Amino acid sequence: MVFVLFRRLRLPAACTQASAHAPTLAHRPGPHAASAAVASTRLAVAQRFSSSSSRTKDLPPLADFPPERIRNFSIIAHIDHGKSTLADRLLELAGTISKSDGNKQVLDKLKVERDRGITIKAQTASMFVTHKGEQYLLNLIDTPGHVDFSYEVSRSLAACQGTLLLVDACQGIQAQTIANFYLAFGEGLSIIPVLNKVDLPAADPVRIAEQIETAFEIDTSQTRHISAKTGLGVQPLFGDIIDLIPPPEGDAKKPFRALLFDTWYDQYVGVVCLIAVRDGRLNKGDRIVSAHTNRTHEITDLGIMYPDPKSTGSLSAGQVGYVTMNMKTVRDAHIGDTFYLEGKPTEMFKGFQPAQSMVFAGMYPMDTNDYAKLSESLDRLTINDSSVTVTKETSMALGQGFRLGFLGTLHMDVFRQRLEEEHEATVINTAPTVPYIIKYHNGTEVRIRNPADFPDPDEHARIAAFMEPMVIGTLVFPGEYLGRMMELCGNHRGEQVEYSYMDDKRVMMKYRLPMAEVLSQFYDQLKSLSSGYATFDWEEVGYEAADLVKVNILLNGKPVDALATIVHRTKSEQTAKTWTKRIKEVMEKQLFEIVIQGTVNGKVVARESLSAVRKDVTAKCYGGDVTRKMKLLDRQKAGKKRMKTLAGGVELPQEAFLTLMRGNDSSQSNKK
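Summarised in this report is the structure supplied together with it. This is a predicted model, so every value here is computed, not measured.

### Brief notes about the overall build of the protein chain
- In terms of helices and strands, the protein chain carries 18 helices and 31 strands.
- The buried share of the protein chain, taken over its 672 residues, is 52%.
- Counting contacts in the protein chain only where the partners sit at least 6 residues apart, residues at least 24 apart contribute 70% of the total.
- With an accessible surface of roughly 31,600 Å², the protein chain has 49% of that area assigned to carbon and sulfur atoms.

The structure is reproduced here in structure tokens:
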């Protein structure tokens, strides 16, 4: 019996190598075989998680690095300004990774990051650098560049004392450059401006340096001119980081205290926590307490990212590293939490302001039997991305599912792609919507995240106002596109706040826009009208009253709750007409007529009809009186009428619904 159990153990490839060292036990049935298999499995897990140990040289003892010889820094930049490439060159020059042609986006470890060419998940990597005869420990904390992942940027900056402000010497300052600068400035970090891609023919470092000095009012006389791709000018950055960025504040003699600023899930060891140690020392086997949950955990492994996990046995004040402690659920890992040794409570950190979801969408399994699998996949993926909110909901059209909150539409699209690629879950997501606030005359307020919860027309008499979220959008673009950008923002109900010329070629313009308008193909139209040169960033600025209505889609008089949406009254009829036409294109004909209607607050404003499939019931008649044919046709007509009555409304198949939702972006781009 034990032998059969052992043969069915699913061991990784590393286990096969480990078991080769004990051939006698591995092939002998008995209790020793089972224990050897378990030991081999544990060995394989340890080798897999600390895979870098066999590929990298031995590290100097971390105890030799007091806070004075540690620098924690990040790189902030707009998308495609070379941030990941610069990180690769720094790691190469420091000897953390070997020089090879395969060193591209080393810190972008997710498949979706490499496919899209953008950084999504903040990562860390440690480097050992010698400067002026002393060895320093540099911890690089990588950051994303898109506005949807600004929450990742803010968490990374909280663990740093300085940052490199990377700007493309060809494109200059972009919208996200401005946003990231003020995030770092608000944290009180030392900011070192760096101009990248100076080796390109179109580079204009002098003009871009003037842009930086004008926009941010910082001294650019010592700005480094580099080429991250070729390595030109990158080596002196180590000296700037050590000389211009202050060391972390901390005391190794005080009781242990650490800030949890990131987590991810590993299928072998569970939740991995990334911490910044502020005071004291942490060793393997210590028992620490979470100030947020008040739960005690035993440290099973800890170390630094080099750039893969490298076990070190201890972490001291000022250092940044990972810890594992048998955490299995996201409820145990709270971003911004304070860890301290058992029995030695310390002062808590202020933590992070929770991420506020601004885009909501329903997510349902393609097969209703996969609901439990989808629930488990969401639990594991939200450990890696704590900014996503998840609540259960039920749709009459799609069955049981979840309503998820995201930071933006790109965030939603990336999350869905990771769900499908990493967890093999085929899902249907509904159209994104923003959270609205309903104010009643009696003073109560209700926040709605699902269009199905929008009040019916007979309740509107009790409502004082409908409130929608607003954003301040920052646009940076060449001056020749000024007219087009103003027209675009005006068409999306925008109100100009300010605009100014950054230099003789580039304009920075700010508009107050409804958040819902930013979701509706705004970014695609922005790139199309500006030939790809305009960049956009936004920040929420509260709520404002608006004339909102609910657009419903009816199939034979039966509403499809998953297709309901909330829009401004001026765009309600066009939205209803567009959806009814698209539904007609994806639906298959039935044996009875299907009527597709679009309603605005209960009033029908659009209609499309899908004619019935006609069966030739008179084919068997080869002659005779015409009344015989009429009798068969009347009987068919009565049968179709009875079928339509019994069926009531017709349901939209999930395959058609999936085609409908995913075809939205492609149909919009085809129109352009």
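### As for the nonpolar core
- Formed by 34 residues in total, the largest nonpolar core has its most connected members in Leu195, Phe216 and Phe261.
- Elements that contribute at least two residues to this core include exactly α7 (150-158), β4 (162-168), α8 (175-186), α9 (205-216), β7 (257-266), β8 (270-279) and β15 (320-324).
- Core analysis: the next-biggest nonpolar cluster, separate from the first, contains 33 residues, Val359, Tyr440, Met485 and Leu548 among them.

### Quick word on α9
- Under the 1.5 Å per step criterion, the end-to-end length of α9 is 16 Å for twelve residues, consistent within 8% with the ideal 16 Å.
- Along α9, the residues classified as buried are Pro205, Arg207, Ile208, Ala209, Gln211, Ile212 and Phe216.
- Of the surrounding elements, those touching the buried residues of α9 are β4, α8, β5 (190-196), β6 (224-225) and β25 (506-514).
- Where α9 ends, the next residue or the one after it, Glu217, has phi of about 55°, a positive value.

### Points about the packing of aromatic side chains
- Summed over all chains, the structure comprises eleven aromatic pairs.
- Residues Phe128 and Tyr306 carry aromatic rings whose centres are separated by 5.9 Å and whose planes lie at 50° to one another, so their mutual orientation is tilted. Taken together, the residues span a long stretch of sequence, with Phe128 in strand β2 (residues 124-131) and Tyr306 in the loop between β12 (301-305) and β13 (309-311) at a distance of 178 residues. Each member of the pair, Phe128 as well as Tyr306, carries the same accessibility label: buried.
- Note that Arg582 overlies the ring of Trp579, its terminal NZ or CZ placed 4.8 Å from the centroid.

### Comments concerning the packing of helix α13 (residues 482-491) against helix α15 (residues 522-529)
- Between α13 and α15, the shortest axis-to-axis distance is 10 Å and the interhelical angle comes to 160°. In terms of axis orientation, α13 runs roughly antiparallel to α15. Note that α13 runs across α15; the crossing there is right-handed. In contact with Arg484, Met485, Leu488 and Cys489 of α13, α15 contributes Phe522, Gln525, Leu526 and Leu529.
- Taken together, the residues of the contact of α13 with α15 sort by class into six nonpolar, one polar and one charged.

Thresholds applied
Along each chain, residues carry numbers from 1 onward, in the same order as the chain's sequence is written. In keeping with the predicted nature of the model, local features appear solely for residues at pLDDT of at least 70, side-chain atom pairs appear and are counted solely at 80 or more, and the whole-chain, interface and lining totals rest on all residues. Neither water nor hydrogens contribute to the side-chain values; these are computed over all heavy atoms in the structure. Secondary structure is summarised from DSSP: a helix means a run of H or I of at least four residues, a strand means a run of E of at least two, and numbering begins at the N terminus for each. The buried label applies to any residue whose accessible area, calculated with a 1.4 Å probe on protein chains only, is under 20% of its type's maximum; exposed applies above 50%, and partly exposed to all values in between. Contact between two residues is taken to exist if any of their heavy atoms lie within 4.5 Å; hydrogens are not considered. Here the accessible surface of atoms and residues is derived via Shrake-Rupley with a 1.4 Å probe, and residues count as covered only by protein chains that are part of the display. Residues belong to one nonpolar core when they are buried, are Ala, Val, Leu, Ile, Met, Phe, Trp, Tyr or Cys, and are joined through side-chain atoms within 4.5 Å. To estimate how far a helix should extend, the number of its residues minus one is multiplied by 1.5 Å. Classification of ring pairs rests on two measures: the distance between centres of Phe, Tyr or Trp rings, Trp counted by its six-membered ring, which must be within 6.5 Å, and the angle between planes, read as stacked under 30 degrees, edge-to-face over 60 and tilted in between. Our definition puts a charge over a ring when NZ of Lys or CZ of Arg is within 6 Å of the ring centre and also within 35 degrees of the ring normal. Throughout, an axis means a line fitted to C-alpha atoms (over the contacting stretch in the case of helices), and angles, computed between N-to-C directions, take values from 0 to 180 degrees. Should an angle lie under 35 degrees it is considered roughly parallel, over 145 roughly antiparallel, and from 65 to 115 roughly perpendicular; all remaining angles are considered oblique. Crossings are assigned a handedness: left-handed for a near helix turned anticlockwise from the far helix by less than a right angle, right-handed for a clockwise turn. Gly is put with the polar residues, along with every residue not named as nonpolar or charged; the nonpolar set is Ala, Val, Leu, Ile, Met, Phe, Trp, Tyr, Cys and Pro, and the charged set is Asp, Glu, Lys and Arg.

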